Structures are given as C-alpha cells and as structure tokens.
Amino acid sequence: MRMKLAPWDDPEHGSDANSRFLFVPLLESVVDAAAIGLRMETTDGLETVLLSQERQRAVLEIQSDRVAEQRLFVMNVPKPWTGRVFVHDHKLWFWHPELKQIVGWELVA
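Predicted model, so just to flag it, every value in this text is computed and none were measured.

1. Here we look at the environment of valine 59
Along the chain, valine 59 turns up in strand β3 (residues 55–63). With 36 residues separating them in the primary sequence, valine 59 and phenylalanine 23 have C-alpha atoms 9.3 Å apart. Those residues in contact with valine 59, other than ones at most four positions away along the chain, are Gly37, Leu38, Arg39, Arg71, Phe73 and Val74.

2. Overview of the pairing of β3
Looking at chain direction, strand β2 (residues 35–41) and β3 are connected through five bridges and run antiparallel. Within the sheet, the bridge partner assigned to glycine 37 lies in β3 and is glutamate 61. As paired elements, β3 and strand β4 (residues 70–78) share eight bridges and run antiparallel to each other. Residue pairing in the sheet places isoleucine 62 in a bridge with glutamine 70 of β4. The turn joining β3 and β4, which pair antiparallel and follow one another in sequence, is formed by six residues.

3. Let's talk about the nonpolar core
Residues Leu38, Met40, Leu60, Met75, Trp81, Val85 and Phe94 are the most contacted members of the largest nonpolar core, which totals 16 residues. Of all the secondary-structure elements, those providing two or more residues to this core are β1 (21–28), β2, β3, β4 and β6 (91–95). Among all residues touching methionine 40, those that are not within four sequence positions of it are Arg20, Phe21, Leu22, Val24, Val49, Gln56, Arg57, Ala58, Pro80 and Trp81.

4. Re the side chain of threonine 42
Following the sequence through the fold, threonine 42 ends up in the loop between β2 and α1 (46–51). In terms of polar contacts, threonine 42 uses its side chain to reach the backbone amide nitrogen of aspartate 44, at 3.0 Å.

5. Description of the sheet that holds strand β5 (residues 84–88)
If you walk across this open sheet you meet the three strands as β5-β6-β7, and the pairing is antiparallel. Taken across any chain shown, the strands that pair with only one partner, and hence form the sheet edges, are β5 and β7 (103–106). Ignoring strand direction, the axes of neighbouring strands in this sheet form an average angle of 20°.

Parameters and conventions
- Within any chain, residue numbers begin from 1 and follow the written order of that chain's sequence.
- The predicted nature of this model means local features are confined to residues of pLDDT at least 70 and side-chain atom pairs, given and counted, to a pLDDT of 80 or more, with totals for whole chains, interfaces and linings taken over all residues.
- Each side-chain value is worked out from all heavy atoms of the structure, with water and hydrogens disregarded.
- Strands here mean DSSP runs of E at least two residues long; helices mean DSSP runs of H or I at least four residues long; both are numbered from the N terminus.
- Should any heavy atoms of two residues lie within 4.5 Å, those residues are considered in contact.
- By definition, two strands form a pair when at least two bridges between them are found by DSSP.
- Side-chain atoms within 4.5 Å are what join buried Ala, Val, Leu, Ile, Met, Phe, Trp, Tyr and Cys residues into a set we call a nonpolar core.
- Residue exposure (1.4 Å probe, protein chains only): buried if accessible area is under 20% of the type maximum, exposed if over 50%, otherwise partly exposed.
- For the purposes of these results, a polar contact is taken to be a pair of N or O atoms within 3.5 Å, where, inside protein, one atom must be able to donate a hydrogen and its partner to accept one; residues adjacent in sequence count only when each atom of the pair is a side-chain atom.
- Between N-to-C directions, angles cover 0 to 180 degrees, with each direction set by a line fitted to C-alpha atoms, over the stretch in contact for helices.

Listed below in structure tokens is the structure:
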C-alpha cells in the first residue's frame, strides 16, 4: 500500500503491522502521483530486508490513485531496490546489475 503522506507525518489511523508486503518506490510522477516501485512479500521488518544479501522475489509495478496496480516485471535478485528506472526514447526502462539484459516498455500518451 502506498503512503499518502510524507513518511515523517503521523498517519491519521491504521497500522501496517499485519502487512505481508513491502513497497519500495523507485520513481514517482508529479502529474498523477503514480509511483513505479518494487513490491516484495515479506514478514520481516524493513531493516532486515534492506540488510539481506539473499535473493528476493520482487515485482516491478506501477501504483496510482487512478488505476489498479499494474505489474511490469518479476525478478529474483539480491537487493532488487538497487535497480534503476529511467525514461529514454519514449520508453520506460529498468536496469539491475544481476539481470542479463535491460527491460523496457513503450510509453503511450
């Protein structure tokens, strides 16, 4: 679940203690607050996940207030959040040093 407020603001209500998923944003659009990031299933705390050297299954996805989550790519790599998302030549690209090739998607207006 995406955070609607800045991480330093106190939430109005709710708890994520029972959440099985962690979403790590990599890129956010200022136009519609869409975020591209990695969703990982885990019951470990954030610190444990970030310090792990093990391969982790992660789903690169787009989350937006306008549409449902859209899965783009699934990977099983160590430290998936070290990957890079960028736009070039009307395509959205994702690169991670453990992947054999860069992956990309055509952007439509």
